[in-house]
Amino acid sequence: MRNISSVLGKLARIASMSLVLLFAVTTLHAQDVKEGEKIFKAKCTSCHKVDRKVVGPALKGITETKSEEWLIKWIKNSQAMVQSGDPEAVAIFKEYNNLVMTSFTDLSDDNIKSVLAYIKAESVEKPKEVGTATAKDDNANMFMIFGLIGVVVLAIVVIVVLNRVIRTLEKVIATNQAAVEAEEEPQTSSKFLAFAKAFVKNKKLVGFAVLMLVALLAVGGWKTMWNVGVHTGYQPVQPIKFSHQLHAGVNKIECQYCHGGAFKSKNASIPSANVCMNCHNTITGSEHYDGEISPEIAKIYRALDFDPETRTYGNNPKPIQWVRIHNLPDFAYFNHSQHVTVAGVECQTCHGPIETMEEVYQYSPLTMKWCVDCHKATDVKSDNKYYEDLIKAHESIKKGEKMTAAMIGGLECGKCHY
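Per chain, residue numbering runs from 1 following the sequence as it is written. A pLDDT threshold of at least 70 governs which residues receive local features in this predicted model, and a stricter bar of 80 or more applies before side-chain atom pairs are shown or counted, although totals over entire chains, interfaces and linings include all residues. Side-chain numbers come from the whole structure's heavy atoms, not from hydrogens or water.

**Quick notes on the overall build of the protein**
In this text, helices come from DSSP runs of H or I with a minimum length of four residues, and strands from runs of E with a minimum of two, each type numbered from the N-terminal end. On a plain count of helices and strands, the protein comes out with 18 helices and two strands. Any residue under 20% of the maximum accessible area for its type is buried, any over 50% is exposed, and the rest in between are partly exposed; the area is computed with a 1.4 Å probe on protein chains only. Evaluated residue by residue, the protein yields a buried proportion of 20% over its 418 residues. We call two residues contacting when some pair of their heavy atoms lies within 4.5 Å. Counting only contacts in the protein whose residues sit at least 6 apart along the sequence, the fraction spanning at least 24 positions is 59%. Approximately 31,400 Å² of the protein is accessible, and the part contributed by carbon and sulfur atoms is 61%. Per-residue and other accessible areas follow the Shrake-Rupley method at a 1.4 Å probe size, with only the shown protein chains counted as cover for residues.

See below:
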């Protein structure tokens, strides 16, 4: 028994050490991939992509076709390998029209191995995420409606029970009179008609039912009128099927790249077609359409009167007629830069998970109550010039110094010329 216990103890210690070693190796690999991603985005993305060809070849699967030692030498100094007559290096150099690849002699072998680990990790097919729909926040209204229905049902049950008791007592007291009335009135074969007659005869029950009906209609009418002009879920058809899921989600393009006004002006602004051409001048999506240009990208070319064959612009451009989704009343002032730059509010706070939307819809109600609730819950970040001036003004007041309107933004043009 002692030998068995000793063996089991050793096996337990070996298993524990194996788990620790496995955890350490996994953590180290994750750190290598993270470091490789940082180096790749800083030094390689201008010429290379993992999943497609840009200036240089697509790097997907490169770690399987080339040895690690060869790749390290190539990345550090590709021209040295070409001049040495390395057949693979010479073939790649000629394939890309003698285009010289930048040498990265500043990278260590470990740095390059981290980059290769990131490329290998990105080469693995990743499952698509399934977007989840968001529910509307109508809990308060629904609670009120269900509560009212519960009160009505309970009152009806109490009234019915009391009526039965009263009828029973009346039958006991006036049995003969009930019998005479039963003989005089013709018996009806319909239970529903009998119930209707009994219901109509009970004036208190009729009055209570009418009162509850009026209350229900009032609640329903109030809820309907309250939601007039609220367009949560509004999703119009756009002239070009622009996918935010692809651009902001998969390709991780920052919102401000297209909507540059969000951090410097009142309006977020709709990007011009020239902004689209920064990428789609070369990206045509032809790999998904048997060598033909994507129909949606072709709409951009037609709007700009751009000929993708000659790569020239014509003299007949036309604006893209986008359909506005988010729209505030004219009397409501909203400044994007005040929220995005000063307050540091994320775009998703108001516009929802935009990076998962294939077609954009209005995520938030944008009502005054919604805005007020947000202002009540959001902390003020004072680490910016606007609030620093206010803090300085308050400090001056505490010291008994004079405070002028200019010290709190009184000289801003927008104070008078809005």
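Next comes the rest of the account.
**As for the packing of aromatic side chains**
Paired rings are identified among Phe, Tyr and Trp, the last through its six-membered ring, by centres lying within 6.5 Å, and are further divided according to the angle between planes into stacked (under 30 degrees), edge-to-face (over 60) and tilted (the rest). Considering all chains together, one arrives at four aromatic pairs under this definition. Relative to Y313, the ring of F306 lies with its centre 4.9 Å away and its plane at 50°, an arrangement referred to as tilted. An aromatic cluster is defined as three or more aromatic residues linked by ring pairs; in this entry it consists of Y301, F306 and Y313.

**Observations regarding the pattern of salt bridges**
When a carboxyl oxygen of Asp or Glu lies within 4 Å of a side-chain nitrogen of Lys or Arg, that pair is called a salt bridge. One pass over the structure, following the stated rule, counts four salt bridges. In this structure, E69 and K73 form a salt bridge, with 3.7 Å as the shortest nitrogen-oxygen distance. Taken together, the positions of E69 and K73, both in helix α3 (residues 68–76) and four residues apart, correspond to about one turn of that helix. One salt bridge connects E296 with K299, and the closest N-O pair in it is separated by 3.3 Å. Of this pair, E296 and K299 are both found in helix α14 (residues 295–304), three residues apart, which corresponds to roughly one turn of the helix.

**Observations regarding the nonpolar core**
Definition used in this section: a nonpolar core is a set of buried Ala, Val, Leu, Ile, Met, Phe, Trp, Tyr and Cys residues joined via side-chain atoms within 4.5 Å. Formed by 23 residues in total, the largest nonpolar core has its most connected members in F40, W70, W74, I75, A89, I112 and I119. Counting residues per element, the ones that place at least two in this core are α1 (2–43), α3, α4 (78–83), α5 (87–95) and α6 (109–122). With six residues, α6 is the largest single contributor of residues to this core. Once residues lying within four places of it in the same chain are set aside, the contact partners of W70 are M81, D86, E88, A89 and I92.

**A look at the confidence of the model for the protein**
The score called pLDDT rates the predictor's confidence residue by residue, from a low of 0 to a high of 100. For the protein, the mean per-residue pLDDT works out to 80, and 85% of the residues sit at or above 70. Counted against residues more than four places away or in other chains, residues 1–28, with its pLDDT under 50, gives zero contacts. Here residues 128–137 is a poorly scored stretch, pLDDT under 50, and it has four contacts once near neighbours within four places are set aside; other chains count.

**Focus: a nonpolar patch on the surface**
Patches here are clusters of residues that have more than 30% relative accessible area and form no salt bridge, with a 9 Å joining cutoff for like charges and a 5 Å cutoff for nonpolar side chains (Val, Leu, Ile, Met, Phe, Trp, Tyr). Among the surface-exposed residues, M142, F146, I149, V153, V157, V161, V165, L169, V172, I173 and L216 lie close enough to one another that they form a single nonpolar patch of about 1,000 Å² accessible area. A total of 10 residues in the nonpolar patch trace back to one element, the largest contributor, which is helix α7 (residues 139–173). Inspection of the secondary structure assignment puts I149 in helix α7. Residue I149 is classed as partly exposed on the basis of its relative accessible area, which comes to 37%.

**A few points about the side chain of H280**
Mapped onto the secondary structure, H280 falls in helix α13 (residues 273–280). Two N or O atoms form a polar contact when they lie within 3.5 Å of each other; inside protein one atom must be a possible hydrogen donor and the other a possible acceptor, and for residues adjacent in sequence the pair counts only when both atoms belong to side chains. Within the structure, H280 has its side chain in polar contact with the backbone oxygen of I283 (distance 3.1 Å). Not counting residues within four places of it along the chain, the set of residues in contact with H280 comprises H247, I297, I300 and Y301.

**Description of the side chain of S337**
Relative to the helices and strands, S337 is located in helix α15 (residues 336–342). S337 has contacts with A262, F263, K264, S265 and V342, leaving out every residue within four places of it along the chain.

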